[in-house]
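Now for the letters of each chain:
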Amino acid sequence: MVYDRNNYMGNQCFMKRGEYSDYMSMMGMRDCIKSCRMIPMIIFYEEKNFQGRSYECMNDCSDMTSYLSRCQSCRVESGCFMVYDRNNYMGNQFFMKRGEYSDYMSMMGMRDCIKSCRTIPMHRGQHRMKIYEKENFGGQSHEMMDDCDNIMDRFRMNDCMSCNVMDGHWLMYEQPQFRGKMMYMRPGEYRSFRDMGMSNQKFMSMRRIMDSYY
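This structure is a prediction, so every number in the text was calculated from the model and none was measured.

Novice: Mind laying out the side chain of Thr119, listing which residues take part and the relevant values?
Specialist: Within the secondary structure layout, Thr119 lies in strand β10 (residues 116–120). By relative accessible area, Thr119 is classed as buried at 18%. Leaving out residues up to four positions away in the same chain, Thr119 has contacts with Pro40, Met58, Asn59, Asp60, Cys80 and Phe81.

Rendered as structure tokens:
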């Protein structure tokens, strides 16, 4: 979104990917762009290779079937998204940043179509998260400000069962080296991963969602 005054004020115009050789004439603007704000956008398609009916999404969507009967490809125009293979942000989770996913099920190892999606706000600044060996913030604990590819090697922790995300947005993975099933963590307290439906899942590596992904 672009604005003709500073600090996101004044008249605003929406711009999606493309060329604007004379945007003032093309968009009916009377003044130059003074400020701009990124709006996340993901486009879902019914068929592979961006074919069939499509749905443009710029917000959280708890039920994709309200718009498309199925989804087999997508294109992230801007921002970052978490997509889920069940409605209401349930089931397996997958992270998508800007790019084209002509056959995402094969590319990402998904067994089912996307059923819901959630936008991930951009965070600038430091990342901080404290991880705990046991539920309810018990056992061994460590504060992290950067990526960790293996909590066993780095902290001698066999498991991570709760955490407190103080700053930034994170991805947690069930295997070292950022592999396996993942879970998106935004700022907040997570006293029990088991209560979140992750009873049989361990998290052995963690990665920050950086502003450079946007």
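That covers the picture; the talk isn't over yet.
Novice: Tell me what's going on with the packing of aromatic side chains, and back it up with residues and numbers.
Specialist: Inspection of the entire model under this criterion finds eight aromatic pairs. Summarising the aromatic geometry, the rings of Tyr132 and Phe137 are spaced 5.0 Å apart at their centres and angled 50° between planes, so their arrangement reads as tilted. Stacked on the ring of Phe50, the Lys or Arg Arg75 has its end atom at 4.2 Å from the ring centre.

Novice: An account of the layout of surface pockets is needed here, citing residue identities and associated values.
Specialist: Its boundaries defined by the atoms lining it, the second largest pocket holds a volume of some 210 Å³. In terms of lining residues, the second largest pocket is bounded by 13 residues, among which Met15, Lys16, Ile39, Glu77 and Ser78 are the most central. When grouped by side-chain class, the residues that make up the lining of the second largest pocket number seven nonpolar, one polar and five charged.

What counts, and where the lines are drawn
Residues numbered from 1 in each chain as written. Predicted model: local features only at pLDDT ≥ 70, side-chain atom pairs only at ≥ 80, totals over all residues. Heavy atoms only, no water. Helix = DSSP H or I, 4+ residues; strand = E, 2+ residues; numbered from the N terminus. Buried < 20%, exposed > 50% of the residue type's maximum accessible area, 1.4 Å probe, protein only. Contact = heavy atoms within 4.5 Å. Phe/Tyr/Trp six-rings, centres within 6.5 Å; stacked < 30°, edge-to-face > 60°. Lys NZ or Arg CZ within 6 Å of the ring centre and 35° of its normal. 1 Å grid on protein atoms, 1.4 Å probe; cavity = no way out; pocket = protein on both sides within 12 Å on 5 of 7 lines; lining within 4 Å. Points joined across faces, edges and corners; volume = space filled by probe spheres on them. Nonpolar A, V, L, I, M, F, W, Y, C, P; charged D, E, K, R; others polar.

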